[in-house]
Amino acid sequence: MLKQAYAFVCAMALFAPCGGHAGQTVKIGFPIPLTGEIPKVGESTKFAAELFREEINAKGGLDVGGKKYPLEFIFEDNESKPETAVNVTLKLIDRDDVLAIVGPQSSRQAVPAGAVANDNETPMITPWSTNPDATKDRPWVFRAAFLDPFQAPVAADFAIKQFKAKKAAVLFEISNDYSKGLADHFRIAWEKRNGKGAVVAFESHGPKDQDFSAQLTKMIAAKPDFIFLPENYSFVALIVPQARDLGYRGAFMGSDAWGSAELMKLCGQACRGQFFSTHYAAAGAKGATKEFIDRYNKKYGYVPDDVAALTWDAVTLVTGAIQKAGKLEGDIRKMRKLIRDNLAAVTEFKGITGNMRFDAQGDPIKCAVIVAIDEKGDFTFKESVCPQ
Amino acid sequence: MELFLQQCVNALQWGSFYALIALGYTLVYGVLRLINFAHGDIFMVGAYIAFFVSTAFLAPDGVFGFSRELSLALTIPLTMVFTSIVGVALERIAYRPLMRKGAHRLYVVITALMCGLILENGNLALLGASRKTLPTLLDKNIYSLGGVAVTNLKLWVIFAAAFVFVVLHFIVTKTRMGMAMRAVSWDKFALPLMGIPLERVIVFTFILGSSVAGLGGMLFAMSYPVLEPYMGAMTGWKAFIAAVVGGIGDIRGAFAGGFLLAFVEIMVAAFLPSTFRDLFAFSILLFILWQRPTGIFGKPLTTKI
C-alpha cells in the first residue's frame, strides 16, 4: 500500500515538475518538423537555435534585469503534420510551461498551431511561415518572414522581367496552406499583370503523391512560358525532373520553400539554372549575417538555409522581448503577457535576414531576395526586391 | 490525341509500379489467404537496399568503384536477393510462429500491419528523417515519338512489369513449385499428407513476392529519386486496392488491376480537375467492386492463384 502511494506521488511529480522551478531557466518551446515531409527544415531550426543557446549560455545565460538565467530550449517533433503540430504546441504550453513558442515553420503547421497559441495566450513567433492566416487576427502570434501576398507579386514581376513571360502554369499541393495560399496569390498577381486567362494551367496534387505526370502533361500541353512551383523542396526534386522527362524545356520559378540546404542533393542537375524568391542569400552576405553563416558552417559543415537565419532572428526577437520585461518571476501567465506586449511593441528590428518593420498585425515588412541556382548548385544572389 | 497518348504512356509507367507491388500481395494471399500488409513497406525497403547497394558499388564514392553499367547490372539481382531476405525474415519472425500456433488469420493480418509500421519507423530511427536519393545508374534519354515523350527508363519499367508477370505466370502454372503453391491454396491441411513441404512452399512464395517488390522498389527509386521511410505506405495501400479490384489471389488480376488503377488515376487527373483525382478514381473502383465483388478475375471460392 505504501509502495503504491509512493509510486503515485512519483508519477504526479513527473507530470508537474515545473511549479516550484519556474524562473530558474528561460524556457522556449520549438514545435518543429524533425521528421516527415520536411526534416531538413526541422534540423536547420534546431541547429540555429542551439547555436544561439550555446552563445548565450557560454556567457552565463540571458541577462534579464541584471540577473543571468540559462536558456532552456525544448524541441518537439511536429512530424510535418498539422494535427501533430497542434498537439505538441499544446504540450509545450501546458506541460512544459514555456514562456514563448518559436515555430512551427511551414504554414501548414503554423496556421493551426497559431490558433492554439493564441487561445492559450502564449506568445508564438513563427520564423518561416508566409501564409497571412498564421498571424491574422491573432494578437499573440508573430512572424519573422514576409507574407505571400508580397512574395507572389515579387515572383510574378521577376518572371516577366527575366523570362519575358506572358503565360504561366502553376502546380501546388492542395493540402498545404502555404502552397495553396501562395498559388492563389500568384494567380491574382499574374492575372492583374497579364490579363485574365494568363495562368494557362492551375493544377494541384496531394500530400503523398510521387507521380505528377498527369498534371504536368496537361500543363505542358498548355504551352506556358514558365512553371511556377510554390512547393516544398522534396516535391520540387520530383516535379522538375519529371517535367523534363515529358519534354518540357522552359524555366521554373520557385518560392522560399525551395531554399533548403537539401534541395540540390535531391534534385541534382535538373534544378540548376532555376530561380526562386526567398528571405536571404548566403553568398555575398556581410556583417552580422556573414558572422552567423561562418559560425554555423564551422559547427555543422554546411551553409545555413533561410530557415536557420529566420530562426536566429525569431529567437533574437523573443529573447529581446524577455530581456525587456526586466524581471523573470511570478505568474507565468503575466510573464507571457509581458513578452507578448514587448513583442508587439517592436516597430523596427535589425535582423540577419535584413531590416524589418512590423505592422499592426505583427507581420514584418522586409525585402525579398531572388536567388539563382548556379551551375555548381550554389544559391547565388540575383536581386533584392523591397516593398514600397 | 497526342495528349491522350502521352497520358496513356504515363499511366503505363505508373501502373507498372502498382502491378509489381500488387503481384506480391496477390501471391501471398493466393497461397496463404493472408493479406500481407507489410508488403508496401517491403517495397520501400527494396528501394533503400537499392540505394545502399548502388552507392557501395558506384564510382567515385563507392567502396568498389565500379562503372555505372556494372553497378546497375549488380544492383538489380542483389536488391532482389536482399529484399527477399527481409520478406522471408518477416515470415519467419512474425507470421510463422503465429500460424504454427494455429492463430486465426485475422491476427496474422494485424501482425503484418504492425510489421509494416515497424519497418517504417525502424528505418526512420536507423537512417534519420533526411531524404535519400539514388545515384544515377542509367543515362536518361528522352525520345519523342510523334509528340509523345518517353524516356528509356520508362520503357524499361513497363518492360520489367510485363516480364515479371510472364515469369510469375509461368512459375505458377507450369512448374512443380507452382503446382505446389496452387495445392497449398486448395487445401493446406491435406498437403503435408501428400509429402509436400508446406513451409518450404510458403517461404518460396515470400521469396517470389519480396524479390518482385525489391525490383519494383529499385525501379521506383530510379524513376522517383526521393526516398523516404513512408514512401511505400500509400503506394502499397493503393496497390492492394488494385489487387483486390483485379481479383486478389489471381496474378492476372494483380497485373490488370495495377494498370487499371493507374489509368483511372491518370485519366481523372488529366480530364477533370486534379483536386478530385483520388475521389473520382476510387469511386470508379468502388463501382467496379460493387458490380463484381470478387474483382475482375476473381472467382468466388474456387482455386485462387
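Everything here concerns the structure above.
Visitor: Account for the overall build of chain B, naming residues and giving values.
Guide: Counting its regular elements, chain B contains 10 helices and 2 strands. Starting at the N terminus and walking to the C terminus, you meet the elements of chain B as α-α-α-α-β-β-α-α-α-α-α-α. For 305 residues, the compact-globule estimate of 2.2 N^0.38 gives 19 Å, and the C-alpha radius of gyration of chain B, at 19 Å, lies within 12% of that figure. When its C-alpha atoms are laid out on the principal axes, chain B stretches across 60 × 50 × 35 Å.

Visitor: Give me the lowdown on the packing of helix α2 (residues 39-58) of chain A against helix α10 (residues 287-300) of chain A, citing residues and values where you can.
Guide: Residue and element names in this part refer to chain A. Interaxial distance between α2 and α10 falls to 11 Å at its minimum, and their mutual angle equals 105 degrees. Our classification of the angle between α2 and α10 gives roughly perpendicular. Across from Phe-47, Ala-48 and Leu-51 in α2, the residues of α10 making contact are Arg-295, Tyr-296, Lys-299 and Tyr-300. Of the residues contributing to the contact of α2 with α10, the split by class is 5 nonpolar, no polar and 2 charged.

Visitor: So what about unusual backbone geometry? Which residues, and what values?
Guide: Between A:Gly103 and A:Pro104 the backbone carries a cis peptide bond, its omega angle lying at -15 degrees. You can see A:Pro104 is positioned in the loop between β5 (100-102) and α4 (107-119). Backbone geometry at A:Lys164 places phi at a positive 50 degrees, although glycine is not the residue there. Locating A:Lys164 in the fold gives a position in the loop between α5 (148-163) and β8 (168-173). Look at B:Arg33: it is not a glycine, yet its phi comes out positive at around 60 degrees.

Visitor: Give me the lowdown on helix α3 (residues 82-94) of chain A, citing residues and values where you can.
Guide: Residues and elements named next belong to chain A. In a regular helix each residue adds 1.5 Å, so 13 residues correspond to 18 Å; α3 covers 18 Å between its end C-alpha atoms and thus fits that length. Turning to α3, its buried residues number three or more, namely Pro-82, Thr-84, Ala-85, Val-86, Val-88, Thr-89, Leu-92 and Ile-93. Among the structural elements, β1 (26-32), β4 (71-77), β5 and α4 are those in contact with the buried residues of α3.

How each quantity is defined
Residues numbered from 1 in each chain as written. Chains lettered and ligands numbered in written order. Predicted model: local features only at pLDDT ≥ 70, side-chain atom pairs only at ≥ 80, totals over all residues. Helix = DSSP H or I, 4+ residues; strand = E, 2+ residues; numbered from the N terminus. Rg over C-alpha atoms; globule rule 2.2 N^0.38 Å. Axes fitted to C-alpha atoms, helices over the stretch in contact; angles between N-to-C directions. Parallel < 35°, antiparallel > 145°, perpendicular 65-115°, else oblique. Contact = placed C-beta atoms within 7 Å. Nonpolar A, V, L, I, M, F, W, Y, C, P; charged D, E, K, R; others polar. Expected span 1.5 Å × (residues − 1). Buried ≥ 20, exposed ≤ 12 C-beta atoms within 10 Å, placed from the backbone.

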